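The residues making up each chain are set out below.
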Amino acid sequence: MSHQGIIIKRFSFIKEWIGAFLSLFFPRCCLVCGRPLANGEEDICAGCDIRMPRTNYHLQKDNPIERLFWGRIPIVRATSYFFYRKGSDYRLILHRLKYRGQKEIGENMGRRMAAELLPYGFFEGIDVIVPVPLHEKRQKRRGYNQSEQIARGIATVTGIPVETRWIARRKETETQTRKSVFERWENVEGGFELRIPTECLRGKHALVVDDVLTTGATTAACASTLTEAEGIQISILTLAVAE
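Here is a short report on the structure shown in this document. (Residues numbered from 1 in each chain as written. Predicted model: local features only at pLDDT ≥ 70, side-chain atom pairs only at ≥ 80, totals over all residues. Heavy atoms only, no water.)

Some words on the packing of helix H5 (residues 104-117) against helix H7 (residues 146-158)
At a minimum axis distance of 6 Å, the contact between H5 and H7 shows a crossing angle of 45°. Regarding the angle of H5 to H7, the classification is oblique. Two packed elements cross with a definite hand, and for H5 against H7 that hand is right-handed. In this structure, H5 uses Gly 106, Glu 107, Gly 110, Arg 111, Met 113, Ala 114 and Ala 115 to contact H7, whose residues at the interface are Gln 149, Ile 150, Arg 152, Gly 153, Ile 154, Thr 156, Val 157 and Thr 158. A class-by-class count of the residues in the contact of H5 with H7 yields six nonpolar, six polar and three charged. (Axes fitted to C-alpha atoms, helices over the stretch in contact; angles between N-to-C directions. Helix = DSSP H or I, 4+ residues; strand = E, 2+ residues; numbered from the N terminus. Parallel < 35°, antiparallel > 145°, perpendicular 65-115°, else oblique. Left-handed = near helix turned anticlockwise from the far one by under 90°. Contact = heavy atoms within 4.5 Å. Nonpolar A, V, L, I, M, F, W, Y, C, P; charged D, E, K, R; others polar.)

Thoughts on the packing of aromatic side chains
Here the structure, examined in full by the defined rule, presents three aromatic pairs. Residues Phe 122 and Phe 123 carry aromatic rings whose centres are separated by 5.4 Å and whose planes lie at 85° to one another, so their mutual orientation is edge-to-face. One exposure class covers both Phe 122 and Phe 123, and it is buried. Against the face of Phe 122 rests Arg 77, its NZ or CZ located 5.9 Å from the ring centre. (Phe/Tyr/Trp six-rings, centres within 6.5 Å; stacked < 30°, edge-to-face > 60°. Buried < 20%, exposed > 50% of the residue type's maximum accessible area, 1.4 Å probe, protein only. Lys NZ or Arg CZ within 6 Å of the ring centre and 35° of its normal.)

What about helix H4 (residues 91-99)?
At 3.6 residues per turn, the α-helix brings residues three or four places apart onto the same side. Turning to H4, its buried residues are Ile 93, Leu 94, Leu 97 and Lys 98. Projected down its long axis, H4 shows its buried positions confined to an angular sector of 110°, all on one face. Next to the buried residues of H4 lie strand S1 (78-84), H5, helix H6 (136-142), H7, strand S5 (205-213) and strand S6 (233-242). Following H4 by one or two positions, Gly 101 has its phi on the positive side, about 75°. (Arc of directions from axis to C-beta.)

Function-wise, these values are silent; they only describe arrangement.
The structure is reproduced here in structure tokens:
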């Protein structure tokens, strides 16, 4: 073994030892059940991963997510990874990602989701990933865009580039949480703008990525901005969908 190889091996051993030592005092815990994670587990323990309420909509043609956008925007395919249910411990995944500053959750979950969807051809033909943007003021307060973090994780697995400059928020809209369906659509109407010439998008297939889907108002408003380009194709992927 070369001298450089010996150094790398020693560094890896030291890094692993330090990680094991720190885990005694600051154990990594499952986001869902709170139990300490075992080696090889990331964010979610094996038990919670098995019990995760996956939608498996990527296996269904004309699934409920796709139907949600019918008549609103033309899409190639759409799905959400898991169900966001009131009172479910799995809601903590999104809560910690959005409000606790744990942005690494987004990339980790993006990788997990992409790895499961990849064998089924969900990403076939997609040229670029477009995360739904936050208004610059909100992103500055939060420090990151959770949808972009998810998109980065997807890109790691698929190799598809992420584009954050194509679309921007025109205004800082009010939170959608307590609004009715009509108010949600009204709140985001005209809230996005295209920042590049439509000629640059001609014939592209864009995957719009968001964190959670409720009425679909925000995601649809963002995606519809892309339809200004001739011949563009749009697919949609969200980490969760509210039930």
